[in-house]
Amino acid sequence: MQKLWGLAFSNPVGMAAGFDKSARVFGPLLDMGLGFVEVGTLTPKPQRGNPAPRIFRSAADGAIINRLGFNNEGQDAALRRLGVAGSGIVGVNIGAGRESEDRGGDYVEGIARMSAVADYLTINISSPNTPGLRDLQVPDALDALLARVGKARGEQGKRPPLLVKLAPDIADDDLPAIVGVIEARGVDGIVVSNTTLARDGVGDRAFAAEAGGLSGRPLFIRATRMLARIYRLTEGKLPLIGVGGIDSGETALAKIRAGASLVQLYTGLVFQGPKLIGDIKQALVKAMQEAKVENMTTLIGRDADRWANRPLKGATS
Ligand SMILES: Cc1cc2nc3c(=O)[nH]c(=O)nc-3n(C[C@H](O)[C@H](O)[C@H](O)COP(=O)(O)O)c2cc1C
């Protein structure tokens, strides 16, 4: 059990955003033994996303490339489902519509609509499949966005914790300014990370040539390294959710040791099925016993220095 932002997490393993885009199956996912589920990305209006084919798998690489483009039924539909009281922690990931002329306004709408039913909110400014969305990560744009979002939060009756989800393709040199803005604007946590546009570590050439965001095993080092860098920049003070390439107890533990308070997964579950959840939880308990610690939180960030300094090029596992 871990308490974060006033929420009691029964275990630190969560479902990453994008699986339950329209908040249809968070109940069954929680019943599978996950400690929390992040639904979405939800945009203010329903949208169909990009034409198919738009999801590609490489079993040999343990990877997926997707260019879904925020297909979802919209926030109103999700709101009705989330409004029915249930047990378990459900975060709501919000985004901007593809055709929106005021992207910041879409996030403000998301905050206004979804705060009442969200255990936490994640602002997704890191999908590679909505053209220009990642521009919101540029410090000045991010600061303006978080100012608007902060004002909208202040106007809600319920004020769930607010997280920002970042892309793993941010250059090392750009990271301090971005994290600085996030801290200055009082954001409660960071989700590290979304899918990557990079293709390092991908063996299957035809697969690698597909446009979209890459997830799974080839993302692991890139995302874990950035997680550790953010852990160091925030001096361990901001809770981080580590996501990207977790496919075993070992990789989940590595995320925690690199600086994650919680972890999420998606691609690993696609290839391995729900057994992976139990395997990870068992491995974490074993790691605690071996390290002779009562609480998993003691392990958070222990390897952050090593991970932060790891070279990026050429490394895949
Ligand atoms: C098919 C698919 C759809 C996704 N859709 C979303 C999404 O709507 N919003 C979001 O923030 N992340 C989305 N993601 C990214 C995941 O939440 C996660 O950050 C990424 O896949 C890395 O984790 P993994 O390697 O365990 O899959 C999606 C990933 C996949 C594979």
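Throughout what follows, the structure given in this document is the object of discussion. Quick caveat: nothing in here was measured; it's all calculated off a predicted structure.

Parameters at a glance
- The residue numbering used here restarts from 1 in each chain and proceeds along that chain's sequence as written.
- A pLDDT threshold of at least 70 governs which residues receive local features in this predicted model, and a stricter bar of 80 or more applies before side-chain atom pairs are shown or counted, although totals over entire chains, interfaces and linings include all residues.
- Derived side-chain values reflect all non-hydrogen atoms in the structure, with water molecules and hydrogen atoms excluded from consideration.
- Take a side-chain nitrogen of Lys or Arg and a carboxyl oxygen of Asp or Glu: if they are within 4 Å of each other, that pair is a salt bridge.
- For helices the rule is a DSSP run of H or I covering at least 4 residues; for strands it is a run of E covering at least 2, with both sets numbered from the N terminus onward.
- Three exposure classes are used, based on accessible area relative to the maximum for each residue type with a 1.4 Å probe and protein chains only: buried under 20%, partly exposed in between, and exposed over 50%.
- Note on geometry: axes are lines fitted to C-alpha atoms, helical ones only across the stretch in contact, with angles between N-to-C directions running from 0 to 180 degrees.
- An angle below 35 degrees is treated as roughly parallel, one above 145 as roughly antiparallel, one from 65 to 115 as roughly perpendicular, and anything else as oblique.
- In a left-handed crossing the near helix is turned counterclockwise from the far helix by less than a right angle, and in a right-handed crossing that turn is clockwise.
- By the convention used here, residues are in contact when the closest approach between their heavy atoms is within 4.5 Å.
- Put simply, Ala, Val, Leu, Ile, Met, Phe, Trp, Tyr, Cys and Pro go in the nonpolar bin, Asp, Glu, Lys and Arg in the charged bin, and everything else, Gly too, in the polar bin.
- One heavy atom suffices: a residue is near a molecule or strand as soon as one of its heavy atoms comes within 4 Å of it.
- Whenever two N or O atoms come within 3.5 Å, that pair is a polar contact, provided that in protein one can donate a hydrogen and the other can accept it, and provided that, for residues adjacent in sequence, both atoms are side-chain atoms.
- Computed with the Shrake-Rupley method and a 1.4 Å probe, the accessible areas treat only the protein chains shown as cover for residues.
- Grid spacing is 1 Å over the protein atoms alone, the probe is 1.4 Å, and a cavity is where that probe fits but cannot get out, while a pocket is an open set with protein on both sides within 12 Å along at least five of seven lines and lining residues have an atom within 4 Å of a point.
- Any molecule with more than half of its atoms within 2 Å of a cavity's or pocket's grid points is counted as sitting in it.

### Things to note about the pattern of salt bridges
Counted under the stated rule, the structure contains 21 salt bridges. Two residues, Arg185 and Asp143, come together in a salt bridge whose shortest N-O distance is 2.8 Å. With Arg185 in the loop between helix H5 (175-184) and strand E10 (189-192) and Asp143 in helix H4 (residues 139-154), this pair connects stretches of sequence that are 42 residues apart. Judged by relative accessible area, Asp143 falls into the partly exposed class, the value being 27%. A salt bridge links Asp279 to Lys275; the nearest nitrogen and oxygen atoms lie 3.1 Å apart. You can see Asp279 and its partner Lys275 sitting in helix H10 (residues 275-290), 4 residues apart, about one turn around the helix.

### Focus on the packing of helix H2 (residues 75-82) against helix H3 (residues 103-114)
Interaxial distance between H2 and H3 falls to 10 Å at its minimum, and their mutual angle equals 25°. It follows that H2 is roughly parallel to H3 by the angle criterion. H2 and H3 meet at a crossing whose hand is right-handed. For the pair H2 and H3, contact is made by Gln75, Asp76, Ala78, Leu79 and Leu82 and by Glu109, Gly110, Arg113 and Met114, respectively. Taken together, the residues of the contact of H2 with H3 break down into 4 nonpolar, 2 polar and 3 charged.

### What about the site of the ligand?
Of all residues adjacent to the ligand, which total 23 residues, the nearest are Ala17, Lys21, Thr41, Gly245 and Thr267. Here Asn93 contributes a side-chain N or O atom positioned 3.0 Å from an oxygen atom of the ligand. Contact with the protein chains hides 98% of the accessible area of the ligand, taken as 610 Å² for the molecule alone. One can see that the ligand is located within the largest pocket. Of all the secondary structure elements, the ones that give two or more residues to the shell around the ligand are strand E4 (36-42) and strand E11 (213-216).

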